[in-house]
Amino acid sequence: MLIKDIQNAEGKTVTIAGWVYNTRSSGKIRFILVRDGTGIVQCVFSQKDVSQQVFELADKLTQESSLYITGTVKKEDKAPGGFELVGQDIKLIQMTENYPISPKEHGTDFLMGHRHLWLRSRRQNAIIIIRSQLIKAMRDFFDNQGFILVDTPILTPAAVEGTTTLFEVEYFGEKTYLTQSGQLYNEPDAAAFNKVYCFGPTFRAEKSKTRRHLTEFWMIEPEVAFADLNDIIILAEDFISYIVERVLSKCQEQLKVIERDISKLEKITAPFPRITYTEAIEQLKKAGKPVKWGDDFGADEETVLSNLYEKPLVIHRYPAECKAFYMKRDQDDDKLALGADILAPEGYGEIVGGGQREDDLKTLEKRIQEYKLPKQAFEWYLDVRRYGTFPHSGFGLGVERTLAWICSLPHVRETIPYPRMLEKVYP
Ligand code: 4AD
Ligand code: MG
């Protein structure tokens, strides 16, 4: 039986299979905390109730030894989870020796180097379970609204988000790149299916070491035919409120394990505050930051801005030169891109980037030239503007940054089972 279901088996004799999480002894009693990945239960072995052989085994068990334990489920308010197993028998699979991660404190480098084992710990376990629920919520949101999941390729011929963070892959004598975003494919897909989304790993050769950057991260990206910037901002607001609410309702136990202050998450309801880039510059100046119109925002500026609000902050209409080649310009001011970023509260920075796409063939051809991109790699993409061009908009939300915020983690490295960062590809 799985440990998470033990509360439904009061009075029954059951067998659990798992690993020793911790042990403790008190006189003639041995307490074995066992985990199986679904929960932790305390198993109690009393010398007077079990055979000498079982008691001796219980006495010798080491951390992370694998075993089966048979016992009777008993309600016990003092036990973690409110139930314990009154142990009868132990069947040992392996007595583990020298498990590297002991309950004492370890440094981050050591833990990251043992990430494959660290995932067994309570806190890491809780974070990854929240990740799993978060991803399900993301998929459900779009599925429930009639979006079609259209997968986009990982090996691609062209850059989406700038040419400085491309991972090059030799492809039978040709140059290809690991995808930075599925957007360029989402756009033709929106013409084929109307409302689409893609979800998958994306790659950026980020050479900076920050607490927000991974070189491999997961992104969910919707693209909507006939939607404008305003429509897509509303979609993003509803989406973020939905996924936060889902985590709050499905992950109460995990949020407790990681000691998240959930009152902050309970405030995340749409709509969110919205300011223009130009207003953001004013707010930054007021806060004493040495910024001028035209500067792109770094982590510092984002933190100052997001700390002014309790909800995610929408910033729209950035200077076009800060943004990608595909962004449509504001018809009221050609210097501005019809794009929006959403900054998470509590200093977590940008979690969403998106906006309205340039839908005029000539303009887009000009931009590709201005951005010094190789036009022939984009011919297929330009077809979207050649054959029935249409207004369309979309965004991308990064799973790891969103999870770092939801879980209030100091660094994105704990939000993904096996993080990939500059100087980090092991294990
Ligand atoms: O703002 P970005 O670069 O937008 C795009 O890629 C668009 N093409 C998406 C679209 O419109 N379909 O990235 C979107 C999000 C960021 O807001 C952030 O959450 C995440 O992707 N992100 C990263 N997360 C972790 N590590 C990195 N290096 C990231 N770069 C972007
Ligand atoms: Mg961005």
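Residues numbered from 1 in each chain as written. Chains lettered and ligands numbered in written order. Predicted model: local features only at pLDDT ≥ 70, side-chain atom pairs only at ≥ 80, totals over all residues. Heavy atoms only, no water.

## Concerning the domain arrangement of the protein chain
As a reminder of what qualifies: Bear in mind that the domain bounds are from an automatic or database domain assignment. Two parts placed together each lose some accessible area under a 1.4 Å probe, and the buried area is that loss summed for both. Salt bridges are counted wherever a side-chain nitrogen of Lys or Arg sits within 4 Å of a carboxyl oxygen of Asp or Glu. Polar contacts, as used here, are pairs of N or O atoms within 3.5 Å; protein pairs need one atom able to donate a hydrogen and one able to accept it. Residues neighboring in sequence count only if both atoms are side-chain atoms. Under the convention adopted here, Pro, Cys and the residues Ala, Val, Leu, Ile, Met, Phe, Trp and Tyr are nonpolar, Asp, Glu, Lys and Arg are charged, and Gly plus all remaining residues are polar.
As assigned here, the protein chain comprises domain 1 (3–94) and domain 2 (115–415). Carbon and sulfur atoms make up 46% of the area that domain 1 and domain 2 hide from each other, which totals about 430 Å². Taken as a group, Tyr-21, Arg-35 and Gly-37 account for 59% of the area that domain 1 buries against domain 2, more than any other trio of residues on that side. Of the charged contacts in the structure, one is a salt bridge between Glu-64 and Arg-120, with a shortest N-O distance of 2.8 Å. Where domain 1 packs against domain 2, one counts one residue pair in polar contact (both at pLDDT 80 or more). A per-class count over the side of domain 1 that touches domain 2 returns three nonpolar, one polar and two charged.

## Details of the site of ligand 1
What counts is decided by this rule: Think of it this way: one heavy atom of a residue within 4 Å of a molecule or strand is enough to make that residue near it. Values of accessible area rely on a 1.4 Å probe in the Shrake-Rupley scheme; residue burial ignores everything except the protein chains shown. Residues are called lining when one of their atoms sits within 4 Å of a cavity or pocket point, these points coming from a 1 Å grid over the protein atoms alone, where a cavity is a set in which a 1.4 Å probe fits but cannot get out and a pocket is an open set with protein on both sides within 12 Å along at least five of seven lines. A pocket or cavity is taken to hold a molecule when more than half of that molecule's atoms are within 2 Å of the pocket's grid points. Only DSSP runs of H or I covering at least 4 residues are called helices, and only runs of E covering at least 2 are called strands; the numbering of each starts at the N terminus.
Lining the immediate environment of ligand 1, one finds 23 residues, of which Glu-161, Gln-183, Arg-204, Glu-221 and Glu-350 sit closest. Here Gln-183 contributes a side-chain N or O atom positioned 2.7 Å from a nitrogen atom of ligand 1. Between ligand 1 and Glu-221 there is a distance of 2.7 Å, counted from a nitrogen atom to a side-chain nitrogen or oxygen. In isolation ligand 1 offers 630 Å² of accessible surface; the protein chains occlude 95% of this area. In this structure, ligand 1 is accommodated by the largest pocket. Mapped by element, the contributors of at least two residues to the shell around ligand 1 are strand 11 (216–225), strand 17 (349–356) and strand 18 (392–398).

## So, the sheet that holds strand 1 (residues 13–26)
Under the convention used in this document: Strands pair, by our definition, only if DSSP identifies at least two bridges between them. Helix axes use the C-alpha atoms of the stretch in contact, all axes being lines fitted to C-alpha atoms, and the angles between their N-to-C directions lie in the range 0 to 180 degrees.
Taking strand neighbours around the barrel as the criterion, the five strands line up as 1-2-3-5-4 in a closed arrangement whose pairing is mixed. The mean inter-strand angle of the sheet, taken between neighbouring strand axes irrespective of direction, is 55 degrees. Summarising the sheet, strand 2 (residues 29–35) and strand 3 (residues 40–46) pair through seven bridges and their orientation is antiparallel. Within strand 3, the position partnered with Ile-29 by the bridge is Ser-46.

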